[in-house]
Amino acid sequence: MTITQPPASRLIRALRAAAAAEDTDTQPYAAALDELAAAIMEAPADTQAAFIGSPGMQELHAWAQDHHERQQHAEFFALLARMKSAPPEDRPAEDFIRLLHLAPPRYREVADALVAETLPQATHCDDDGNAVFSIEQMAQHFGKTPEEVAAEIERLGLDTGLHTGPVHPLQ
């Protein structure tokens with residue numbers, strides 16, 4: 001495996017620091033793991049490809065990706081864990097919106113699935129094929145009046161993202 005000098009030296013320093021930490025419950029050990037994950041994930045794409053292609057390194061790369069992602073998106077993972085453990089009726093709408101905004105790219109599908117559980121069955125889409133819902137449809141689904149739904153949309157700050165263009169029935 002050929003790695004350019006800066007990423008390789010950073011990776012080697014991080015590996016040595018992790019190996020040198022005698023107690024795995026210490027802050028230096030945690031910091032060494034953080035640095036190791038960052039060294040792997042922040043390396044240039046060709047370096048990462050060479051690293052993954054080396055025998056036995058796919059597993060280490062997968063660990064680094066998960067570790068680094070959990071560091072970069074700690075708030076998302078904490079909220080996701082809380083929402084997963086709560087029954088659907090105890091998941092406030094604000095949490096779903098926040099989850100969508102915080103989700104790392106790899107977890108957007110999970111966030112979309114959580115949101116999909118709470119929405120009515122889509123009957124229409126926009127020009128790009130994205131599901132759209134009328135205020136009346138949302139009101140009926142949630143057992144509220146259209147005025148209550150409109151007020152909730154405004155309160156949550158979703159009124160700026162409302163679709164105002166043409167809609168098409170789903171086939």
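Before reading further, recall that the structure is shown in the block above.
Residues numbered from 1 in each chain as written. Predicted model: local features only at pLDDT ≥ 70, side-chain atom pairs only at ≥ 80, totals over all residues. Heavy atoms only, no water.

Turning our attention to the overall build of the protein. Along the protein, the regular secondary structure elements total 9 helices and 3 strands. Along the protein, helices and strands appear, N-terminal first, in the series α-α-α-α-α-α-α-β-β-α-α-β. When burial is assessed residue by residue, the protein has 30% of its 171 residues classed as buried. Counting only contacts in the protein whose residues sit at least 6 apart along the sequence, the fraction spanning at least 24 positions is 48%. Accessible surface, the protein as shown: approximately 11,100 Å² in total, 54% of it carbon and sulfur. (Helix = DSSP H or I, 4+ residues; strand = E, 2+ residues; numbered from the N terminus. Buried < 20%, exposed > 50% of the residue type's maximum accessible area, 1.4 Å probe, protein only. Contact = heavy atoms within 4.5 Å. Areas by Shrake-Rupley, 256 points an atom, 1.4 Å probe, with all protein chains shown as cover.)

A word on the side chain of arginine 91. Considering the arrangement of structural elements, one finds arginine 91 in the loop between helix H5 (74–85) and helix H6 (93–102). Relative accessible area serves as the criterion here: at 13%, arginine 91 is assigned to the buried category. Within the structure, arginine 91 has its side chain in polar contact with the backbone oxygen of methionine 83 (distance 3.0 Å). Of the polar contacts made by the side chain of arginine 91, one reaches the side chain of glutamate 117; its length is 3.2 Å. Sequence-distant contacts of arginine 91, that is, excluding residues within four places in its chain, are made with Met83, Lys84, Ala86, Phe96, Leu114 and Glu117. (Polar contact = N/O pair within 3.5 Å; in protein donor to acceptor, adjacent residues only side chain to side chain.)

Next up on the list: the packing of H5 against H6. Between H5 and H6, whose axes approach to 9 Å, the crossing angle comes to 145 degrees. Seen from above, H5 lies across H6 with left-handed handedness. Facing H5, whose interface residues are Glu75, Phe76, Leu79, Leu80, Arg82 and Met83, H6 presents Asp95, Phe96, Arg98, Leu99 and Leu102. Looking at the contact of H5 with H6, its residues break down into 7 nonpolar, no polar and 4 charged. (Axes fitted to C-alpha atoms, helices over the stretch in contact; angles between N-to-C directions. Left-handed = near helix turned anticlockwise from the far one by under 90°. Nonpolar A, V, L, I, M, F, W, Y, C, P; charged D, E, K, R; others polar.)

Here we take up the packing of aromatic side chains. Counting across every chain of the model gives 1 aromatic pair. Ring centres of phenylalanine 76 and phenylalanine 77 lie 5.1 Å apart, and the angle between their planes is 80 degrees; this geometry places the pair in the edge-to-face category. Exposure class is identical for phenylalanine 76 and phenylalanine 77. Each is buried. For arginine 70, the ring lying beneath its charged end belongs to phenylalanine 77, and the centroid distance is 4.2 Å. (Phe/Tyr/Trp six-rings, centres within 6.5 Å; stacked < 30°, edge-to-face > 60°. Lys NZ or Arg CZ within 6 Å of the ring centre and 35° of its normal.)

Let's shift gears to the layout of surface pockets. Take a probe with the size of a water molecule and roll it over the atoms, and the empty space left behind shows itself. Each pocket or cavity is described by its volume, and for the largest pocket that value is around 1,500 Å³. Of all the secondary-structure elements, those providing two or more residues to the lining of the largest pocket are H6, helix H7 (108–118), strand E2 (131–132), helix H8 (135–142) and helix H9 (146–155). Looking at which element gives the most residues to the lining of the largest pocket, the answer is H6, with 5 residues. The residue inventory of the lining of the largest pocket, partitioned by class, reads 23 nonpolar, 10 polar and 5 charged. (1 Å grid on protein atoms, 1.4 Å probe; cavity = no way out; pocket = protein on both sides within 12 Å on 5 of 7 lines; lining within 4 Å. Points joined across faces, edges and corners; volume = space filled by probe spheres on them.)

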